[in-house]
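# Summary of structural features
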Amino acid sequence: MKRIELTERIKALIKASVGDDIDYEKIAAFEATAVTSLPLNKRGSVFDRGQITAETFIEAANLLNTGLFVPLHTLHEQGYEIPVGRLFYGEHVKSNQGTDELRVLFFVDGTSPDLISRLDTGTIEEVSVGMQFKRLLCSTCNIDLMEDNESIWSQTCKNGHVMGMGSNHVKPDGVANFREMSLVSKGASNGAKVLGAQKRLLASAYYKDGSALAASLKDPEFMLFGSPTKLAEEDPMLIAELQAKLVKAEGDLTLTATAKAEAEGKVATLEAAKVTLEAAKTEAEGKVATLEAAKTEAEGKVATLEAAKTEAEGKVAALEAAQVEADAAKVALEAAKAEVETKLLAAETELAPLKAAQTVTLGQRPFKIPLGGVEGLRATTTDSVKPDSDSVGLMASRAFKTPAR
Ligand SMILES: [Zn+2]
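Residues numbered from 1 in each chain as written. Predicted model: local features only at pLDDT ≥ 70, side-chain atom pairs only at ≥ 80, totals over all residues.

### Quick notes on the overall build of the protein chain
Along the backbone of the protein chain there are six helices and seven strands. In the protein chain, the order of α-helices and β-strands from amino to carboxyl end is α-β-α-β-β-β-α-β-α-β-β-α-α. When the 405 residues of the protein chain are sorted by exposure, 27% land in the buried category. Partitioning the intrachain contacts of the protein chain with sequence separation of at least 6 by distance along the chain shows that 73% fall at a separation of at least 24. (Helix = DSSP H or I, 4+ residues; strand = E, 2+ residues; numbered from the N terminus. Buried ≥ 20, exposed ≤ 12 C-beta atoms within 10 Å, placed from the backbone. Contact = placed C-beta atoms within 7 Å.)

Below is the structure:
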């Protein structure tokens, strides 16, 4: 029987923690080393080989002893289980080997007689605490890894010390949250277990104030479970935790693959749009080239037409000048014509009396033959037709004969 005797001192501690008397007949109380400063077994995490500081145990004990409610669970609480008991006292204890411990007293309530029985017989003896820490100090340089998320993920402090390698390890320090204690098959902290009579301290008949208690850790990230020495002995809770992480990782992978497919679809769409735009651009450039060629051609025609216009204008000017010249010439000619007409008229005027005088002269007998003969006078004809018409006796006078040519 590992249960401790419910002395008046123990009952007083329970009452102080719970706040009232309870039915002491139905419960069973036990003492446990909840967590120690021995290196933690938490392979693959920043906690591996970690050693919790003594100050952490002192803080945890103070929290318990000032009424903090820390439930007892079987295996680690998953968020909806009803506790099977509660912790009601704690103390920091220095072991004979020099290690620090958090010793606790807890009771299991009357609803779990089987559990009480298994604790009594030692079938269940390991415990693990769910605890979050304020700081995770580098054992080598004392820098707090929690100040930098990257340090937590890489398990390497800012000075390059890799946790769990060589002599480097974390020193969880300070209690941020003391959530629970669980009864497990394997605890995370070496030596964390429900204690038999010979190892008890807090519940010892020889108890003196100032002795000590136990814990492990819990936080989505900073929770400790189990301390297996062989894979075959893996804590079911550790396996469950790893499986949960695997499921989440697979879910994340699916989301990532979906996002990737979506992104690739967008890239394909954008590339198609790019091809379309480039084709449109090429076509537009072709049109621009055509238009520019047409413009150049049109400009050439305009230049030709302007040259033709200039030439035509030159011809018009020349024609107009010629016209002006021709008009001037016409005026001059008309003036000359008028002058000639005037002179002609004058000559005719002058000639008329002369003609009249000649006519008078020709009408006179004898008349003088003008030099060169008289126009229309044919002596031979006259003589032959009328050879005897003239009684004057003037026969074939040489004077009427036209000189031989
Ligand atoms: Zn460091």
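### Examining the pairing of strand β2 (residues 70–74)
Inspection of the sheet shows β2 paired to strand β3 (residues 85–94) by three bridges, in the antiparallel sense. When the sheet's bridge partners are listed, L72 is paired in β3 with G85. Looking at chain direction, β2 and strand β6 (residues 170–184) are connected through three bridges and run parallel. Directly across from L72, in β6, lies its bridge partner M181. (Pairing = 2+ DSSP bridges.)

### A few points about the confidence of the model for the protein chain
Averaged over all residues, the pLDDT of the protein chain equals 81, while 76% of them reach at least 70. Least confident of the elements in the protein chain is helix α6 (residues 379–385), whose mean pLDDT is 53; most confident is helix α2 (residues 54–65), at 96. The low-confidence segment residues 205–234, where pLDDT is below 50, has 107 contacts with residues more than four positions distant or belonging to other chains. (pLDDT = per-residue confidence, 0-100.)

### Re the pairing of β6
The element β6 is extensively covered by neighbouring structure, given that 11 of its 15 residues are classed as buried. As defined by bridge partners, strand β5 (residues 126–138) adjoins β6 across 12 bridges and the pair is classed as antiparallel. Looking at β6, one finds that R135 is bridged to D173.

### A look at unusual backbone geometry
In the Ramachandran plot, R49 falls in the positive-phi region, its phi being about 70° despite a non-glycine side chain. Along the chain, R49 falls in the loop between β1 (28–36) and α2.

### Thoughts on helix α1 (residues 8–18)
Taken together, the buried positions of α1 are occupied by I10, L13, I14 and S17. Along the axis of α1, the buried residues cluster in a sector spanning 100°; they form a single face. Exposed residues on α1 whose side chains face more than 90 degrees from its buried face are E8 and A12. Close packing links the buried residues of α1 with β1, β3 and β4 (100–108). Two residues or fewer past α1, G19 is found with a positive phi of approximately 100°. (Arc of directions from axis to C-beta.)

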